[in-house]
Amino acid sequence: RQEAAVVEDMRTAGFQIIEQQRPFEDENLHLTGHLDGKVVWQGQSIVFEVKSMNPYDWAALPDRPTVQDFLTSKKPWIRRIPAQGTLYLYLDASGVMLILLKNKSTGRIKQAVIELDYDYAEGLLKKIERVNAHVKAGTVPEPIIWDEKICGSCKYLHICPNNRPAEGAQVL
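Notes on the structure follow. (Residues numbered from 1 in each chain as written. Predicted model: local features only at pLDDT ≥ 70, side-chain atom pairs only at ≥ 80, totals over all residues. Heavy atoms only, no water.)

### As for the overall build of the protein chain
Scanning the protein chain for helices and strands turns up seven helices and seven strands. Along the chain direction, N to C, the helices and strands of the protein chain fall in the order α-β-β-β-β-β-α-α-α-α-β-β-α-α. When the backbone C-alpha atoms are referred to their principal axes, the protein chain occupies close to 70 × 40 × 25 Å. Looking at the protein chain as a whole, 33% of its 172 residues are labelled buried. (Helix = DSSP H or I, 4+ residues; strand = E, 2+ residues; numbered from the N terminus. Buried < 20%, exposed > 50% of the residue type's maximum accessible area, 1.4 Å probe, protein only.)

What follows is the structure, given as structure tokens:
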């Protein structure tokens, strides 16, 4: 509903929206996705993605968030937004993506722009290849070194064999 409301607001404002929910697929990478849409601006089509957010997460980001603002967020799902945007730009062969962040409570919008960063995209593609290799081989990768920011809120912490620092038991 949130995405549909943002798209309707864009249309009401006079923007032409095209290619909504266009599927992406790279069979070699086993990578899929659905683009929220493209907006036509000055004769060019620009990829856009709508993200609805609770008011606390929305307020924690600046009015014009940068990629660095996303990557340094305490929230794992916010840190993943540039990766999704970068992969969509790679699959669409586009250079720029507009991220529209909607406050679920107030309806206010913040905009962010993600430009295709080839080095970042290459890192993501290499990670996908590593994951696919493990899936194909039926193996599990070596655990990462404990990082409170990444590991502390991971939903797989209870089964992860990472090197979590722990204090020994104290016998009284």
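### Focus on unusual backbone geometry
Although it is not a glycine, Gln42 adopts a positive phi angle of roughly 50°. Among the secondary structure elements, Gln42 is positioned in the loop between strand 4 (37–41) and strand 5 (44–53). Gln42 gets classed as exposed once you look at its relative accessible area, which sits at 70%.

### Details of helix 5 (residues 81–92)
Helix length check: helix 5 (twelve residues) gives 16 Å between terminal C-alpha atoms against 16 Å at 1.5 Å per residue, within 8%. Of all the twelve residues making up helix 5, nine are buried; the element is thus mostly covered by neighbouring parts of the structure. Of the positions making up helix 5, those classed as buried are Ile81, Pro82, Ala83, Gly85, Thr86, Leu87, Tyr88, Leu89 and Asp92. With its phi angle positive at about 55°, Ala93 sits one or two positions after the end of helix 5. (Expected span 1.5 Å × (residues − 1).)

### Here we look at the nonpolar core
Formed by 18 residues in total, the largest nonpolar core has its most connected members in Leu35, Met53, Phe70, Leu89, Met97, Ile99 and Leu101. Mapped by element, the contributors of at least two residues to this core are strand 5, helix 5, strand 6 (96–103) and strand 7 (109–115). Grouped together as the second largest cluster of nonpolar side chains are ten residues, Met10, Ile46, Leu98 and Leu100 included. (Core = buried A, V, L, I, M, F, W, Y, C linked by side-chain atoms within 4.5 Å.)

By themselves, these are just geometric observations and shouldn't be taken as functional.
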